[in-house]
Structures are given as structure tokens and as C-alpha cells.
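# Residue-level structural notes
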Amino acid sequence: QKEVEQDPGPLSVPEGAIVSLNCTYSNSAFQYFMWYRQYSRKGPELLMYTYSSGNKEDGRFTAQVDKSSKYISLFIRDSQPSDSATYLCAMSEDSGGYQKVTFGTGTKLQVIP
Amino acid sequence: DAGVIQSPRHEVTEMGQEVTLRCKPISGHNSLFWYRQTMMRGLELLIYFNNNVPIDDSGMPEDRFSAKMPNASFSTLKIQPSEPRDSAVYFCASCPNRGLDYGYTFGSGTRLTVV
């Protein structure tokens, strides 16, 4: 079993829809939780970063962490065609003095105009 | 800043040949990471440098892979000899200090194809 599980999709939604992206994990040592966005032929870029359980909002994006269930989510409101990309969840644990990051395999999202 | 710069963008090589991938991190970032991305396994950490010193190389697949960081502005990842299963996109990423507050800045990657 992988430490981080993420549905690969693809997920196709109409413009304006609310999108829900999810990851589950098995490692209780994970402390920090992140979402990265990766456009085709580009490197990932950080979208959201959170430490504790609960919600964190940034514009149209909301990250949710439930440590008791080992489950994290990213919600995108009023989705736009420019949101079409692959979304990677990421989690980190202390590993010999540095935060070692483990990435999910990514969910491909397509927002249709 | 131009961001993390990787070269080449694409590399096609024959099995058994030596391949060298290059990375220039963002100035002032003292942590550098090499990742490999495939459809099946996603992003896998190969090696982590802090202040030019290799800290964690547990992800390096085998002795065919080696990485160096001779100074704060340059790192290489070498594969010798290359094999078809090494075909993947290789990313370099950097960040300030050891923290995650601002996330990693990734380069655009090197797409390696070994035939």
C-alpha cells in the first residue's frame, strides 16, 4: 500500500462547478499538508499549505485536513478553464532534521468552458 | 529571478550511454532536491542537498545514479549506464532553509527517454 493514495482521474467538470479533490494517507507521522498544481509540461507549484486539522481558505481554494481520518481535500469554487491541470497532494514528516515530502500521484482536472 | 533552471529540456539517449542532467537553483535557496516523475509512481525524491551537502540519498535507485552539488548555484544528476526504465521526467526543486512555508520551487523538468 502506498503511503499517499490519490485518485488519478481524469475529472471533467463544467465551468463554474465546485471541484473536490481528495487524498488519503497511512503515515501518522505526516505533519504538514500541501496541494500543488502542475500544468502540462511544467513543474508543480505550491497552491496551499497547512499544518493542523481544519480548513484553510485562499480565494476560490479551500484546503481541508482531517488527521483523525487521515484524509485531506482541496475544494475549488467557481472552477475556471485555467484551473485545468493536475493537482498533487503532498505531505511531510520529520526525517533526520528535515521535512521529507511525499507526493500523491496526482488527479488530472479538466474544466470545460 | 528566473526561477529554477534545468537543462536540457529533452534528452533522448541509447541504452548504456551516460546522461547528465543539470540544475541551477534560485539564488539564496540552500535546499535542493532532485525528483523523478512517472505515471505509475508519481513524484519520487531521489536526493536532497542542504548547503551543498547531500543529506538524504535514500531515494537514489542504484549505483548507476549519482548527484553532485559543487557550489550553491549548480547541481548535476548523472545516470551511467542508462537503461530504458530510467525514462521519466526529472525535476530539480529548491527552497530556502529547510522549511516548507513557501513550498518548493520546481524547474520545468528534463524529459529523459532511453531507447
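To be clear, the structure that these remarks concern was listed above.
Conventions and cut-offs
- Residues numbered from 1 in each chain as written.
- Chains lettered and ligands numbered in written order.
- Predicted model: local features only at pLDDT ≥ 70, side-chain atom pairs only at ≥ 80, totals over all residues.
- Heavy atoms only, no water.
- Phe/Tyr/Trp six-rings, centres within 6.5 Å; stacked < 30°, edge-to-face > 60°.
- Helix = DSSP H or I, 4+ residues; strand = E, 2+ residues; numbered from the N terminus.
- Buried < 20%, exposed > 50% of the residue type's maximum accessible area, 1.4 Å probe, protein only.
- Contact = heavy atoms within 4.5 Å.
- Buried area = accessible area lost by both parts, 1.4 Å probe.
- Salt bridge = Lys/Arg side-chain N within 4 Å of Asp/Glu carboxyl O.
- Nonpolar A, V, L, I, M, F, W, Y, C, P; charged D, E, K, R; others polar.
- Pairing = 2+ DSSP bridges.
- Core = buried A, V, L, I, M, F, W, Y, C linked by side-chain atoms within 4.5 Å.

Moving on to the packing of aromatic side chains. Here a ring pair, both rings aromatic, is described through the centre-centre distance and the interplanar angle of the planes. Enumeration according to the criterion identifies 15 aromatic pairs over all chains in this entry. Between the aromatic rings of A:Tyr32 and A:Tyr49, the centroid separation amounts to 5.7 Å while the plane-to-plane angle is 5 degrees, which identifies the pairing as stacked. You can see A:Tyr32 sitting in strand β4 (residues 32–38) and its partner A:Tyr49 sitting in strand β5 (residues 45–50), a full 17 residues away along the chain. Plain terms: the ring middles of A:Phe103 and B:Tyr35 are 5.4 Å apart, the flat faces sit at 90 degrees to each other, and that makes the pair edge-to-face. Of this pair, A:Phe103 sits in strand β10 (residues 98–103) while B:Tyr35 sits in strand β4 (residues 31–38), placing the two residues on different chains. What makes A:Phe103 buried here is its relative accessible area of 6%.

On the chain B side, the residues contacting the 21 residues of chain A number 25 residues. For the pair chain A and chain B, the two sides together bury roughly 1800 Å², of which 55% comes from carbon and sulfur. Among the residues of chain A in contact with chain B, A:Arg41, A:Tyr98 and A:Phe103 are the three that bury the most area, contributing 32% of the side total. Where chain A meets chain B, there are 1 salt bridge. Note that B:Asp56 and A:Lys100 form a salt bridge whose closest N and O atoms lie 3.3 Å from each other. Tallying contributions element by element places β10(A) first for the side of chain A that touches chain B, with 5 residues. Grouping the constituent residues of the side of chain A that touches chain B by class yields 10 nonpolar, 7 polar and 4 charged.

All names here are of chain B. With respect to burial, strand β5 (residues 42–50) is a largely interior element, 9 of its 9 residues being buried. In this structure, β4 lies alongside β5, joined through 8 bridges in antiparallel fashion. Within the sheet, the bridge partner assigned to tryptophan 34 lies in β5 and is isoleucine 47. Counting the residues in the hairpin turn of β4 and β5 gives 3 residues. Alignment of β5 against strand β6 (residues 53–56), held across 3 bridges, turns out to be antiparallel. The residue of β6 that forms the bridge with phenylalanine 49 is proline 54.

Looking now at the nonpolar core. Nonpolar side chains in soluble globular proteins tend to be buried together. One finds A:Trp35, A:Ile72, A:Leu74, A:Tyr87 and A:Met91 to be the most contacted residues of the largest nonpolar core, which totals 24 residues. Contributing elements (two or more residues each) for this core: β3 (19–25), β4, β5, β7 (61–66), β8 (71–76), β9 (85–95) and β11 (107–112) of chain A. The residues touching A:Met91, leaving out its near neighbours within four places in the chain, are A:Val4, A:Cys23, A:Tyr25, A:Phe30, A:Tyr32, A:Phe33, A:Met34, A:Ile72, A:Lys100, A:Val101 and A:Thr102. One finds B:Phe49, B:Leu77, B:Tyr90 and B:Cys92 within the second-largest nonpolar core, a separate group that totals 21 residues.

Before going further, it helps to spend a moment on the side chain of B:Arg36. The residue B:Arg36 is located in strand β4 in this model. The contact partners of B:Arg36, leaving out residues within four places of it in the chain, are B:Gly42, B:Leu43, B:Glu44, B:Leu46, B:Pro61, B:Phe65, B:Asp86, B:Ala88, B:Val89 and B:Tyr90.

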